[in-house]
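What the coordinates show
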Amino acid sequence: MLTFEAPSRPSPLTIREFTRPRFDGNLERLRDWIAGLRTAGVRQSAPALIMALDNLRKSDIPASRKLSILSVLKEPILKTCAGLPKPTTLARPDTADDGSGYRRQGVTLEQRLYRALLVNLNQALRQLDQENFVLSKRLQQKREWAIRNIFRFANRLIRYATLWQTPIPEGTWRDLHELTLYLAARRPNPLGVLSRVSGPTAGTSGFDHERDYKALLLFGLAARMNEPLVRKADFLSVLDGWASQTSLEDPHQMLGRIGLILVEIAEDSPPRRRHGSLDQAFHGWVLLAPTPYLNQLEHQGGGFNPAMFRTDELMLTA
């Protein structure tokens, strides 16, 4: 059973009948609760959805039911996030406190909502695998839906942090690294590396989580090394193509080489370049990116481009 309790501080939301719904597996009750939230406004519905997701994470219900609930919650989460105010105007360079040229904001309510959804999707995915030795077609579709949305919402979360100069919520990058390793280990014929050929990892829907993971790695590395670059539309438009040409290699095969790009699974961070030689292996991969991408990293990028996070792209494909 999923229980939502209203916050202790009085608010207009707490005096309404829908502030204490009991989610007992009845999706119609859940939809009724969501309908009630629409009248509360995004500043009330966002905390309510976060608390509901937190209770769902703690609930003892089958993974299939959790995924059904998350599927229903997805649209109101996206609509709520679309209506939330963005961070305040970025500071002038002379007022920056971290050397980036901008004043850093804190984690926003929108980011907390995305992160709560990601944690639930990740948990439900692994629970589904534990509960079912063999998946039916319906459960396999639910599993692919969960994987697809984990990477798509992670993409939104990482790009949001870069655009609005906010921290990425703790655990986001580490969860992506660990999930990719987990999914690779569960393939019928797991490989030691994630190759440039993305087709074999695509599910029945055609979605390829390895390509999306590599695209996020390329984005994160560019944001780390040449942050203005990731605000350019022409760079973003070819990112998926570069991801398809990228491989993640076994570090044991790269010992002694210099200037490698490391993806460290235990680190809660995007890839980093090691300027010296790789003198010992580590838990992760060496990222081999195409030459045109690497050349772009050496050039200075353009200016601020809010179009990289347009609100008309909020409704992700189910």
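A few points on the structure. (Residues numbered from 1 in each chain as written. Predicted model: local features only at pLDDT ≥ 70, side-chain atom pairs only at ≥ 80, totals over all residues. Heavy atoms only, no water.)

**Quick word on the packing of aromatic side chains**
Geometry of an aromatic ring pair is reported as the spacing of the ring centres plus the angle between the planes. Going by this rule: For Phe, Tyr and Trp, rings pair up if their centres lie within 6.5 Å, where Trp contributes its six-membered ring, and each pair is then called stacked (planes under 30 degrees apart), edge-to-face (over 60) or tilted (otherwise). Helix and strand assignments follow DSSP, with helices taken as H or I runs no shorter than four residues and strands as E runs no shorter than two, numbered in order from the N terminus. Residue exposure (1.4 Å probe, protein chains only): buried if accessible area is under 20% of the type maximum, exposed if over 50%, otherwise partly exposed. Only Lys NZ and Arg CZ are tested; either one counts as a charge over a ring when it is within 6 Å of the ring centre and within 35 degrees of the ring normal.
One pass over the structure, following the stated rule, counts five aromatic pairs. Ring geometry for Tyr114 and Phe153: centres 5.9 Å apart, planes at 55°, overall tilted. Placement of Tyr114 in helix H4 (residues 109-131) and of Phe153 in helix H5 (residues 137-164) is noted, with a sequence separation of 39 residues between them. Just as Tyr114 is buried, Phe153 falls in that class too. Between Phe235 and Tyr293 the ring centres are 6.3 Å apart and the planes differ by 35°, which places this aromatic pair in the tilted class. Of the two residues, Phe235 sits in helix H8 (residues 233-237) while Tyr293 sits in helix H10 (residues 291-297), which places them 58 residues apart along the sequence. The two residues Phe235 and Tyr293 agree in class, both being buried. An aromatic cluster is present here, built from Phe235, Trp242 and Tyr293 joined pairwise through their rings. The ring centre of Tyr182 lies 4.4 Å from the NZ or CZ of Arg126, which sits over that ring.

**Here's the deal with the packing of helix H2 (residues 42-58) against helix H3 (residues 63-83)**
Quick reminder of the rule: Whenever a helix is involved, its axis is fitted only over the stretch in contact; in every case the axis is a line through C-alpha atoms, and angles between N-to-C directions fall within 0 to 180 degrees. Under this scheme an angle from 65 to 115 degrees is roughly perpendicular, one under 35 degrees roughly parallel, and one over 145 degrees roughly antiparallel; angles in between are oblique. Crossings are classed by handedness, with left-handed meaning an anticlockwise turn of the near helix from the far one by less than a right angle and right-handed meaning a clockwise turn. In this analysis, two residues are considered to be in contact whenever any of their non-hydrogen atoms come within 4.5 Å of each other. Each residue gets one of three labels, nonpolar for Ala, Val, Leu, Ile, Met, Phe, Trp, Tyr, Cys and Pro, charged for Asp, Glu, Lys and Arg, and polar for the others, Gly among them.
Between H2 and H3, the least distance of the axes is 10 Å, while the angle of their chain directions is 155°. By the angle class used here, H2 and H3 are roughly antiparallel. Seen along the crossing, H2 lies across H3 with a hand that is left-handed. Between H2 and H3, the residues in contact are Val42, Ser45, Ala46, Leu49, Leu53, Leu56 and Arg57 and Lys66, Ile69, Leu70, Leu73, Pro76, Ile77, Thr80 and Gly83, respectively. Classifying every residue of the contact of H2 with H3 gives ten nonpolar, three polar and two charged.

**Section: the sheet that holds strand E3 (residues 247-249)**
Here is the rule we go by: Think of it this way: DSSP has to see at least two bridges between two strands before they count as a pair.
Ordered in space as E3-E6-E4-E5, the four strands form an open sheet in which the pairing is antiparallel. Two strands lie at the open edges of the sheet, namely E3 and strand E5 (272-273), each paired on one side alone. For E3 and strand E6 (residues 284-288), the ladder comprises three bridges, and the chain directions are antiparallel. Across the sheet, the residue bridging to Ser247 is Leu288, located in E6.

**Comments concerning the pattern of salt bridges**
Just so we agree on the cut-off: Whenever a carboxyl oxygen of Asp or Glu lies within 4 Å of a side-chain nitrogen of Lys or Arg, that contact is scored as a salt bridge.
Applying the stated rule across the entire model yields twelve salt bridges. When the shortest N-O distance is used, the salt bridge between Glu227 and Arg231 registers 2.4 Å. A single burial state applies to Glu227 and to Arg231, both of which are buried. With a closest N to O distance of 2.9 Å, Arg272 and Glu264 form a salt bridge. The class for Glu264 is buried, based on a relative accessible area of 19%. Through salt bridges that share partners, Asp54, Arg57 and Lys58 make up one connected network.

**A look at the pairing of strand E4 (residues 261-264)**
What you see with E4 is no split at all: Ile261 and Val263 on one side and Leu262 and Glu264 on the other are buried throughout. Note: E4 against E5, two bridges, orientation antiparallel. Bridging across to E5, Ile261 finds its partner in Arg273. For E4 and E6, the ladder comprises four bridges, and the chain directions are antiparallel. What sits directly across from Glu264, in E6, is Gly284.

Read these as geometric descriptors, not functional statements.
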